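Now for the letters of each chain:
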Amino acid sequence: MVVFDVVLRGYDRHAVDVLVRAVEAAAGDRDRIAAAVREAGPLPVVLRGYSPVQVDAWLAASRTAEPDPGSGPGPVWAAAVELPVVLRGYRREETDALLTLVAGAIASGDAARRADALRAIDDARLPVALRGFDRTAVDAWLGRAAGQLRAG
């Protein structure tokens, strides 16, 4: 099961847990994942709930993940969900937003979105915070993603 941070004004935890179980049960089937997301509808926001940025990033990665997990490691952008959290690292909200943008550009194949994502990577100045994403891992991920964006 995926673990999300609890924040003020986040998505309802029960609704997200139900959605996560449905998406994981779909096992990479994009049509079933899309149906589960449609069925869940807009996630309600509560006083103390799961981080919307993390949930949205996880959903974006789930929607664009390759359906065949046996074909080796997934695409570079799918690793956004697995970035390690360290004592002092890149602040998670901004990092999630950037990785979601880049992941969407890689998945779309649209030249304009790819160019915008490359520009966002080049212009990114991610703030450092306590309990953030490992800076080395994020920088490596962004480097691989930039290579994919330039190649494709």
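The structure displayed is predicted, hence computed values, not measured ones.

1. With respect to the overall build of the protein chain
If you tally the helices and strands in the protein chain, you get six helices and four strands. Along the protein chain, helices and strands appear, N-terminal first, in the series β-α-α-β-α-β-α-α-β-α. Counting across all 152 residues of the protein chain, residues that qualify as buried make up 36%. Partitioning the intrachain contacts of the protein chain with sequence separation of at least 6 by distance along the chain shows that 79% fall at a separation of at least 24. Accessible surface for the protein chain amounts to roughly 8400 Å². Of this, 54% is attributable to carbon and sulfur atoms.

2. A few points about the pattern of salt bridges
In total, this model carries three salt bridges according to the counting rule given. Between Asp5 and Arg92 there is a salt bridge whose closest N-O contact spans 2.7 Å. Of the two residues, Asp5 is situated in the segment before β1 (6-11) and Arg92 in helix α4 (residues 92-108); the sequence distance between them amounts to 87 residues. When its relative accessible area of 13% is taken as the criterion, Arg92 is described as buried. A salt bridge links Arg91 to Glu94, with the shortest nitrogen-to-oxygen separation between them at 2.9 Å. Look at Arg91 and you get partly exposed, because its relative accessible area is 34%.

Definitions and cut-offs
- Residues numbered from 1 in each chain as written.
- Predicted model: local features only at pLDDT ≥ 70, side-chain atom pairs only at ≥ 80, totals over all residues.
- Heavy atoms only, no water.
- Helix = DSSP H or I, 4+ residues; strand = E, 2+ residues; numbered from the N terminus.
- Buried < 20%, exposed > 50% of the residue type's maximum accessible area, 1.4 Å probe, protein only.
- Contact = heavy atoms within 4.5 Å.
- Areas by Shrake-Rupley, 256 points an atom, 1.4 Å probe, with all protein chains shown as cover.
- Salt bridge = Lys/Arg side-chain N within 4 Å of Asp/Glu carboxyl O.

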